[in-house]
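# Chains, contacts and geometry: an overview
Take a look at the letters that make up each chain.
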Amino acid sequence: MEYISTRGGTGAVDFEGALFSGYAPDGGLFMPSCIPLLDRAALQQWSRLSYPELVKEICFLFVKPELIPRSTLSDLIDRAFSKFRHKDVVHLSRLKDGLNVLELWHGVTYAFKDLSLSCTGQFLQYFLEKKQKHVNVLVGTSGDTGSSAIESVRGQKNVDIFVLLPKGLCTQIQELQMTTVIEDNVHVFVVHGNSDEIDEPIKELFADVDFARRNNLMSLNSVNWSRIMVQIAHYFYAYFQCAPTLDSTPLPVVEIVVPTGGGGNVTAGCIAQKMGLPIQLVAAVNSNDIIHRTVRDGDFSLSGHVKATLASAMDIQEPYNVERILWLLSGSDSHLTKTLMEQFTVSKSLKLSESLHRKVSETLRSCSASDEDIVQAMQRCWEENHYLLCPHSAVAAHYHYSHLDSCASGTPRCCLAPASAAKFQDAVLRAGLAPEIPPEITALTAMETRSTVLQRGEDWAQVLRDRIAAAEQCWGKRGAALAPPGLQGINGQA
């Protein structure tokens, strides 16, 4: 399995090369050169597997055993899930009116990103220890990615992580989950800007190929293929939990509703479809509705500024993983993808061709939920089930409650729940409900915090360059002192 850029301007790399990259050097995103297709027998066999076993089977398809032997890969995944609170790692709650909620938030930070990032952190550490290498991880977050990424690498001697979060646009708990991590290798920046604005200096640093290579720069945002790969398992598990039978011909379709921000999770769903899983995907967004307009109208264009909503982790106007979806649905047409994305970069406006829009709308359905819709879905779910939804999960539930007829007609539906309601107390209170707060979250408010503030008007990219270069220089000195004879001086590092 090799990985190629969606824009076609970079040579193929193996899984290790894709793992250690952010954006591809040509500005594109790495995708597998081919998508394996599963037959009915394979699906029936997989239907008996647990969630961790499904993750393993998917990783076996996309990671060559020459890079990570299967037994080692299996051990890494077991280690990644060892801190999850639920014995099954993920859990399906079956509620009234056909509302099936797949809880993806039983990891350390109570967010679905713990699933992919805990695995990615293990893969990363495997290669770093094997090669005595150091990396600098650069991450922008709209809420949950930052804390999950920090948890995946905190305290690791050969990783420094730099996280940018938008001031005042995450919940207090989300911010505290990042700023209370006092580790030498964790560097948190509280930025006076929104989620799309903090992506700009990150893109600038990755576009500087010399700087990125010299400082071993990589990303753990969903630009990283490893995260997409692990998330494919969500869809297989949801399907097997909700499909009434695997003995009928054709296999039954399950509709899966995906709360969508940057588009990484729904990209994984598109790949699961390509692998032969009979699912209908719904991208459910908040008032930042660029993906909804793309699916409905073929209009991939900005509409003013990012709107602050109750579903704050989805407050994104430039969902970079749409590039992967367009590449996938255009038949892996790198030239077309490059042309489209370069046009969007310049004009922030893109009208899909009739044929490409048709493929998008055949693959995805979509909906947009206002804050009022979110509150109403949270209230209804509590009234009917005594079950608290986070505002992001409520976006998916809003779609469900608005389409009960199609669910009643026989097509099972599963709503992905990306986070626990415990992280979004303000939204819960706004819905007139009582938050249920675990003690480890309550404890955050009494802990020491550490962060660097980046003001508007500062050169954010230069501040990051200086801090990253300093971390790399520090590792170089430390690594040289620790390295055994014969290893010193390799690539300027231990």
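What counts, and at which threshold
Residues numbered from 1 in each chain as written. Predicted model: local features only at pLDDT ≥ 70, side-chain atom pairs only at ≥ 80, totals over all residues. Heavy atoms only, no water. UniProt positions renumbered as here; feature names shortened; annotations may be inferred. pLDDT = per-residue confidence, 0-100. Contact = heavy atoms within 4.5 Å. 1 Å grid on protein atoms, 1.4 Å probe; cavity = no way out; pocket = protein on both sides within 12 Å on 5 of 7 lines; lining within 4 Å. Points joined across faces, edges and corners; volume = space filled by probe spheres on them. Helix = DSSP H or I, 4+ residues; strand = E, 2+ residues; numbered from the N terminus. Nonpolar A, V, L, I, M, F, W, Y, C, P; charged D, E, K, R; others polar. Core = buried A, V, L, I, M, F, W, Y, C linked by side-chain atoms within 4.5 Å. Buried < 20%, exposed > 50% of the residue type's maximum accessible area, 1.4 Å probe, protein only. Pairing = 2+ DSSP bridges. Right-handed = clockwise from strand over helix to strand, strands pointing away. Lys, Arg positive; Asp, Glu negative; His and termini not counted. Salt bridge = Lys/Arg side-chain N within 4 Å of Asp/Glu carboxyl O. Polar contact = N/O pair within 3.5 Å; in protein donor to acceptor, adjacent residues only side chain to side chain. Axes fitted to C-alpha atoms, helices over the stretch in contact; angles between N-to-C directions. Parallel < 35°, antiparallel > 145°, perpendicular 65-115°, else oblique. Left-handed = near helix turned anticlockwise from the far one by under 90°.

- The name recorded for the protein in an unreviewed UniProt entry is Threonine synthase-like 2, from Pavo cristatus.
- The record in UniProt for the protein states the following under Sequence similarities (unreviewed entry): "Belongs to the threonine synthase family."

## Points about the confidence of the model for the protein
- With 96% of its residues at a pLDDT of at least 70, the protein reaches an overall mean of 92.
- Counting interchain partners and residues more than four positions distant, the pLDDT-below-50 stretch residues 484-494 has 17 contacts.

## Regarding empty space enclosed by the protein
- Inspection of every chain in the model, using the stated rule, returns four cavities of 30 Å³ or more.
- Its boundaries defined by the atoms lining it, the largest cavity holds a volume of some 380 Å³.
- Lining the largest cavity are 31 residues, and of these Lys 113, Ser 142, Gly 262, Ala 313 and Ile 316 sit closest to its centre.
- Elements with a minimum of two residues in the lining of the largest cavity: α8 (195-207), α10 (225-242), β9 (254-259) and α11 (264-274).
- A per-element tally of the lining of the largest cavity places α8 first, with four residues.
- Classifying every residue of the lining of the largest cavity by side-chain character gives eleven nonpolar, 15 polar and five charged.

## Quick look at the nonpolar core
- Phe 15, Phe 123, Trp 225, Met 229, Ile 232, Tyr 235 and Phe 236 are the most contacted members of the largest nonpolar core, which totals 110 residues.
- Among the elements that line this core, the one with the most residues is α10, at 13 residues.
- Discounting residues that sit within four places of it in the chain, Ile 232 has contacts with Ile 58, Phe 62, Trp 225, Ala 268, Ile 271, Ala 272 and Met 275.
- In this structure, Leu 99, Val 101, Trp 105 and Phe 424 belong to the second largest nonpolar core, which totals 42 residues.

## Side note on the pairing of strand β7 (residues 186-191)
- Among the six residues that make up β7, six are buried, leaving the element largely enclosed by the rest of the structure.
- Neither face of β7 is left uncovered, since the one carrying Val 186, Val 188 and Val 190 and the one carrying His 187, Phe 189 and Val 191 both have all their residues buried.
- Of the strand pairs in this sheet, strand β6 (residues 159-166) and β7 are connected by six bridges, and their pairing is parallel. Counted as the bridge partner of Ile 161 is Val 186 from β7.
- For the crossover that starts at β6, traverses helix α7 (residues 172-179) and ends in the parallel β7, the hand is right-handed.
- With three bridges joining them, β7 and strand β13 (residues 452-454) adopt parallel strand pairing. Opposite Val 191, over in β13, you have Leu 454 as the bridge partner.

## Comments concerning the side chain of Arg 324
- The topology assignment puts Arg 324 in helix α13 (residues 322-329).
- Among buried charged residues, Arg 324 stands out as having no salt bridge; its nearest opposite-charge side chain is Glu 323, 8.3 Å away.
- Residues contacting Arg 324, with those up to four places away along its chain left out, are Thr 6, Leu 29, Phe 30, Met 31, Ser 222, Val 223, Asn 224, Trp 225, Ile 228 and Thr 267.

## Quick notes on the environment of Thr 345
- The topology assignment puts Thr 345 in helix α14 (residues 334-347).
- In sequence terms Thr 345 and Glu 318 are 27 residues apart; their C-alpha atoms lie 9.8 Å from each other.
- A polar contact is formed between the side chain of Thr 345 and the backbone oxygen of Met 341, at a distance of 2.8 Å.

## A word on the sheet that holds strand β4 (residues 100-103)
- Strands sit in the order β3-β4-β12-β9-β10-β11 across an open sheet of six strands; the sheet is mixed. Strand pairing shows two members of the sheet lacking a second neighbour, β3 (91-94) and β11 (364-368), which therefore form its edges. Averaged over all pairs of adjacent strands, the angle between their axes in this sheet comes to 25°, without regard to strand direction.
- Pairing geometry for β9 and strand β12 (residues 413-417), over three bridges, is parallel. Looking at β12, one finds that Ile 256 is bridged to Cys 414.

## So, the UniProt feature "modified residue: N6-(pyridoxal phosphate)lysine" (unreviewed entry) in the protein
- Taking the numbering used here, the UniProt-annotated feature "modified residue: N6-(pyridoxal phosphate)lysine" (unreviewed entry) corresponds to Lys 113.
- With respect to the helices and strands, the residue Lys 113 is situated in helix α5 (residues 113-131).
- Exposure remark for Lys 113: the relative accessible area of 11% places this residue in the buried category.
- Residues contacting Lys 113, with those up to four places away along its chain left out, are Ser 118, Asp 144, Thr 145, Ser 148 and Arg 227.

## A look at the pattern of salt bridges
- Enumeration over the complete set of coordinates arrives at 22 salt bridges.
- In this structure, Asp 289 and Arg 293 form a salt bridge, with 2.9 Å as the shortest nitrogen-oxygen distance. Across the pair, Arg 293 and Asp 289 agree in class, each one buried.
- Connected through salt bridges with shared partners, the residues Asp 97, Arg 380 and Glu 384 form a single ionic network.

## Here's the deal with the packing of α11 against α13
- Following both chains from N to C, one finds α11 and α13 inclined at 20°, their axes separated by 9 Å at the closest point. Judged by the angle between their axes, α11 and α13 are roughly parallel. Seen from above, α11 lies across α13 with left-handed handedness. Contacts from Val 266, Thr 267, Cys 270, Ile 271 and Lys 274 of α11 reach α13 at Arg 324, Ile 325, Leu 328 and Leu 329.
- Looking at the contact of α11 with α13, its residues break down into six nonpolar, one polar and two charged.

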